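Okay, here's what each chain looks like letter by letter:
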Amino acid sequence: ELKVEQNPLFLSMQEGKNYTIYCNYSTTSDRLYWYRQDPGKSLESLFVLLSNGAVKQEGRLMASLDTKARLSTLHITAAVHDLSATYFCAVDKTGYSTLTFGKGTMLLVSP
Amino acid sequence: EAGVAQSPRYKIIEKRQSVAFWCNPISGHATLYWYQQILGQGPKLLIQFQNNGVVDDSQLPKDRFSAERLKGVDSTLKIQPAKLEDSAVYLCASSLDTSQEDRVFNEQFFGPGTRLTVL
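Residues numbered from 1 in each chain as written. Chains lettered and ligands numbered in written order. Predicted model: local features only at pLDDT ≥ 70, side-chain atom pairs only at ≥ 80, totals over all residues. Heavy atoms only, no water.

This part covers the pairing of strand E4 (residues 31–37) of chain B. Residue and element names in this part refer to chain B. Most of E4 sits inside the fold, with seven of its seven residues counted as buried. The two faces of E4 match: Thr31, Tyr33, Tyr35 and Gln37 on one face and Leu32, Trp34 and Gln36 on the other face are all buried. What sits between E4 and strand E5 (residues 44–50) in their antiparallel hairpin is a turn of six residues, with glycine 40 showing a positive phi close to 85°. Sheet analysis places E4 next to strand E9 (residues 88–95), joined by seven bridges and oriented antiparallel. Bridging from a neighbouring strand, tyrosine 33 pairs with alanine 93 of E9. (Buried < 20%, exposed > 50% of the residue type's maximum accessible area, 1.4 Å probe, protein only. Helix = DSSP H or I, 4+ residues; strand = E, 2+ residues; numbered from the N terminus. Pairing = 2+ DSSP bridges.)

Pasting the structure below:
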């Protein structure tokens, strides 16, 4: 059974600081997705990582994938309040986009 | 381009009652998914359709949950009878065509969800 673990599950940080969210998964996969979810809202796709060594950046967020270590990271640079949300990673094991999600990391950025 | 539509947005029922949710995917998307998201957890896939055929329903509690996708477009998810532990947000998502090797086709787009409370 594919397991996807995120840590930390909760992250409180100050504006302007940097931090990294980690996503480990238990079986071979070369497709990993990051989503953002605001309270009471649906999931918004942030990044799709399709190969080992893939790195993608959008604004203050940068995601990377190491398929050998079965690890993805989501790095936050100089956090701002607007980044407060829950972030999920999801892994596609089957190749048919059958996603297994982590429990999510709730990020709270305060002044 | 219109996104994935779901209705109702909220539903409150008593245990042992029945409930149905509706989903309209993005136009042209062949693949449709239903997820259950319990508070504080990530979404869990219940069922995946490719056109009107089922690709994966291994995590669907078939004794009480059923889903159909007639004509390969809209889909309904039904719970009968509901239990307290079914309280969750039910998310529908769609993607272009997961039978294609080009992985651009596989990105999933999510609807707003239906929040179900079972009392």
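The next subject is the pairing of strand E3 (residues 19–24) of chain B. All names here are of chain B. The alternating pattern of E3 places Val19, Phe21 and Cys23 on a buried face, while none of Ala20, Trp22 and Asn24, on the opposite face, is buried. Note that strand E1 (residues 5–7) and E3 share three bridges and pair antiparallel. Note that in E3 the partner of serine 7 across the bridge is tryptophan 22. Both E3 and strand E8 (residues 75–79) contribute to a ladder of five bridges, which runs antiparallel. Residue valine 19 lies in a different strand from E8, and its bridge partner there is isoleucine 79.

A separate point is the sheet that holds E3(B). Residues and elements named next belong to chain B. A sheet is described by the order of its strands in space; here four strands give the open sequence E1-E3-E8-E7, paired in antiparallel fashion. For this open sheet the edge positions go to E1 and strand E7 (65–68), each flanked by a neighbour on one side alone. For this sheet, the mean angle separating the axes of adjacent strands, direction not counted, is 15°. (Axes fitted to C-alpha atoms, helices over the stretch in contact; angles between N-to-C directions.)

Of all hydrophobic cores here, the largest spans 25 residues; its most connected members are Leu32(A), Trp34(A), Leu74(A), Ile76(A), Tyr87(A) and Leu107(A). Those elements that place two or more of their residues in this core are strand E2 (10–14), strand E3 (19–25), strand E4 (32–37), strand E5 (43–49), strand E7 (61–66), strand E8 (71–76), strand E9 (85–92) and strand E11 (105–110) of chain A. Among the elements that take part in this core, E9(A) stands out by supplying four residues, more than any other. When near neighbours in sequence (up to four residues on either side) are disregarded, Leu32(A) contacts Cys23(A), Tyr25(A), Phe47(A), Val48(A), Leu49(A), Leu65(A), Ser72(A), Cys89(A), Ala90(A) and Val91(A). Ranked by size, the runner-up nonpolar core spans 21 residues in total, among them Ile13(B), Ile47(B), Phe49(B) and Cys92(B). (Core = buried A, V, L, I, M, F, W, Y, C linked by side-chain atoms within 4.5 Å. Contact = heavy atoms within 4.5 Å.)

Moving on, we come to the interface of chain A and chain B. Listed per partner, the contact involves 20 residues of chain A and 21 residues of chain B. Here chain A meets chain B over a buried area of about 1600 Å², counting both sides, of which 50% is carbon and sulfur. One can count zero salt bridges joining chain A with chain B. Scanning the region where chain A abuts chain B turns up four residue pairs in polar contact (both at pLDDT 80 or more). Looking at the side of chain A that touches chain B, the elements with two or more residues in it are E4, E5 and strand E10 (99–101) of chain A. Looking at the side of chain A that touches chain B, its residues break down into nine nonpolar, eight polar and three charged. (Buried area = accessible area lost by both parts, 1.4 Å probe. Salt bridge = Lys/Arg side-chain N within 4 Å of Asp/Glu carboxyl O. Polar contact = N/O pair within 3.5 Å; in protein donor to acceptor, adjacent residues only side chain to side chain. Nonpolar A, V, L, I, M, F, W, Y, C, P; charged D, E, K, R; others polar.)

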